[in-house]
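Take a look at the letters that make up each chain.
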Amino acid sequence: MTVAAKSSSPPARKRPFWTMERRDSLAGYLFIAPQMIGITVFVLIPLGLVFWYSLHEWNVLAQTFRFQGLANYQTLLSDPGLPQVLAATGIFSVGLVIFNMSLALLLAVLLDQKLKGIAVYRTLFFSPVVVSLVAWTIVWGFLLQNNGGINALLATFGIEGPNWLRHPTTAMISVIVVQVFKNVGLNMVLFLAALQGVPRELYEAARVDGTPVFKQFTRITLPMISPTVLLTSIITIVGSLQVFAQIAVLTQGGPGMSTTVLVYYLYQQAFQFHKFGYGATLSILLFVIVAVLTFIQWQMRRKLVFYEN
Amino acid sequence: MKTDLSPRMKVLVYGLMSVLLIPFVFPTWWMVTSSVKPISDIFAFPPDIVPTRFDFSTYGRVFELQPFAQQYWNSAYIAALVTAGTMLFSSMAGYAFARIKFPFANTLFMIVLIGLLIPAEVTIVPLFQIFLGWDMINTHWPLILVPVFGAPSVFATFVMRQFFIALPKELEEAARVDGLGRFRIFWTIALPLARPALGAVAIFTFLHSWNLYLEPIVFLSSPANFTLPQALTQFTDAYGGALWNVQLAAATMTALPVLIVFIIAQRQFVEGLAHSGLKG
């Protein structure tokens, strides 16, 4: 609140030095100061440090901190676990994005209809977003057990369900499904807002021309909401790379390493095996992947996205 | 696509929506109902969708096995502080970047935006070291300071900036003629008008803080300091097996309050999120 006092009470005797512009600039700097200091201390400096750490052998248990150049990066390239980790990360991200985006779009189109009680459906589809993440994951873990609710439900139809979290394939599918139903409501709402922004005249014109409904969707709806599709896909992909709690609670990366995604591996190396130097190297890898993906998608914006103006 | 559907299509849409709804609603229902069933009924076959016998004793055990009330308070006060702090500092920064002309504003804004590009997980190792150096490990400071000032608040700053850019100039000019300083203009004119954007920021920030998991397990080590997500996974028996009924009772207590608030205020909630400047 010291910021308030300084900027709201200009000096009583106006010295010529404090012109309107100068006072305004000072106010601007004071307004952004907390955020700038925060970004410097909690983002920029740590980013520099993570690079510095990655050049060291740093085992906390053995209390060693030795400069060793690029050795951690050589370890990274020859790490037998890494291909599996990258594969798991890739499968998770791709599966999540495809499933999430298509379900969000389907739900948004359904919820965009003029129907009675649609607001209730909207609320219910959105509700998992506000349920605590770990609580949601625990319930699914409970449901997905061998003798859990889902297999019990399947059994009433005479189907014997697999032990979902104990087989590599079904474990990965489970983690993706749990995550999608938790968060698809966010993308659904964004798509819904975009759908409601599409001018109705376009559909009316198409109907007069006798364009089939599906073609209306691909020729009008999709291009008109493409900025939102692009934005949500960026958010969803970057978000999928950060998945941690679901893995930690549901599978602990297993069975084997089938669900050990990059962030979980990073956590294990740094905070369970106390290899901070190698953990920092994995952080750099995560950073590079996120940066490259964001850059690619930003470039794609020009080719794929239709802007009204 | 907004057309009046034929009766047959209506039935189809309702049917499809109702089937799709199951995985969204059933887990929460199962969590709440299982938490009040006797342990023998939790794995009953065929499963009871609606509980027939009730046993509320697990709710007591939640508080016996862990300092759950303390953990609840930890999560609540951290989320409240983080939300209030983010609302204040992000709206200040967002306002300055949108409305005040000062040298290097664009460059500084680009630097802030770096925070959007860097997932918190990338910097968790050095942040751990920084807070270790400040003697703040196993305190709540990292869970408050980093979200309020660090990368997580950049999104809020961005949303607030987008909102303030759209405000008409005239609103402020009259106040300037009257001799109001920048902070007074911000506090008495711009901020009250920014309520929709602030609402969205508040919702996002609260949920983000309430759900944090990696950061608490990295920074906190004693149960009395734990936050809820971290505490939920600790209800295990002597062999590390999950005490399902206790865990589900604790999960219910964690999830239900926010869910109830959401259902009461869902209109503002959903619209707030939809209009948070994310429309591209």
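Residues numbered from 1 in each chain as written. Chains lettered and ligands numbered in written order. Predicted model: local features only at pLDDT ≥ 70, side-chain atom pairs only at ≥ 80, totals over all residues. Heavy atoms only, no water.

## Looking at the overall build of chain B
Here's step 1: Looking only at helices and strands, chain B has 15 helices and 0 strands in total.
Here's step 2: Taken over the C-alpha trace, chain B has a radius of gyration of 24 Å; the compact-globule value for 280 residues is 19 Å, which it surpasses by more than 25%.
Here's step 3: When its C-alpha atoms are laid out on the principal axes, chain B stretches across 75 × 65 × 30 Å.
Here's step 4: Within chain B, the proportion of its 280 residues that are buried is 53%.
Here's step 5: Taking the intrachain contacts of chain B between residues at least 6 apart in sequence as the baseline, contacts between residues at least 24 apart amount to 68%.
Here's step 6: Surface summary for chain B: the accessible area is close to 12,500 Å², and the carbon and sulfur share equals 67%.
Here's step 7: Across chain B, the mean location of the 16 positive side-chain charges is 13 Å away from that of the 14 negative side-chain charges. (Helix = DSSP H or I, 4+ residues; strand = E, 2+ residues; numbered from the N terminus. Rg over C-alpha atoms; globule rule 2.2 N^0.38 Å. Buried < 20%, exposed > 50% of the residue type's maximum accessible area, 1.4 Å probe, protein only. Contact = heavy atoms within 4.5 Å. Areas by Shrake-Rupley, 256 points an atom, 1.4 Å probe, with all protein chains shown as cover. Lys, Arg positive; Asp, Glu negative; His and termini not counted. Charge placed at Lys NZ, Arg CZ, Asp CG, Glu CD.)

## Here's the deal with the UniProt feature "domain: ABC transmembrane type-1" (unreviewed entry) in chain A
Here's step 1: Look at the UniProt record and you will see "domain: ABC transmembrane type-1" (unreviewed entry) annotated at residues 86-297 of chain A.
Here's step 2: Its end C-alpha atoms 20 Å apart, residues 86-297 of chain A is made of 75% helix and 0% strand. (UniProt positions renumbered as here; feature names shortened; annotations may be inferred.)

## Some details on helix α11 (residues 195-211) of chain B
Here's step 1: The terminal C-alpha atoms of α11 of chain B, which comprises 17 residues, lie 24 Å apart, in line with the 24 Å expected from a rise of 1.5 Å per residue.
Here's step 2: Within the sequence span of α11 of chain B, burial applies to Ala197, Leu198, Ala200, Val201, Ala202, Ile203, Thr205, Leu207, Ser209, Trp210 and Asn211 of chain B. (Expected span 1.5 Å × (residues − 1).)

## As for the packing of aromatic side chains
Here's step 1: The full count for this structure, using the stated rule, is 47 aromatic pairs over all chains.
Here's step 2: Ring centres 5.5 Å apart and planes at 85° place the aromatic pair phenylalanine 63 of chain B and phenylalanine 68 of chain B in the edge-to-face group.
Here's step 3: The class for phenylalanine 63 of chain B is partly exposed, based on a relative accessible area of 42%.
Here's step 4: The structure contains a cluster of three or more aromatic residues connected by ring pairs, namely Tyr53, Trp58, Phe65, Phe244, Tyr264, Tyr267, Phe271 and Phe276 of chain A together with Phe128 and Tyr213 of chain B.
Here's step 5: Above the ring of tryptophan 30 of chain B, the side-chain terminus of lysine 37 of chain B is found at 4.1 Å from the ring centroid.
Here's step 6: A cation sits over an aromatic face here: arginine 161 of chain B above phenylalanine 109 of chain B, 4.2 Å from the ring centre. (Phe/Tyr/Trp six-rings, centres within 6.5 Å; stacked < 30°, edge-to-face > 60°. Lys NZ or Arg CZ within 6 Å of the ring centre and 35° of its normal.)

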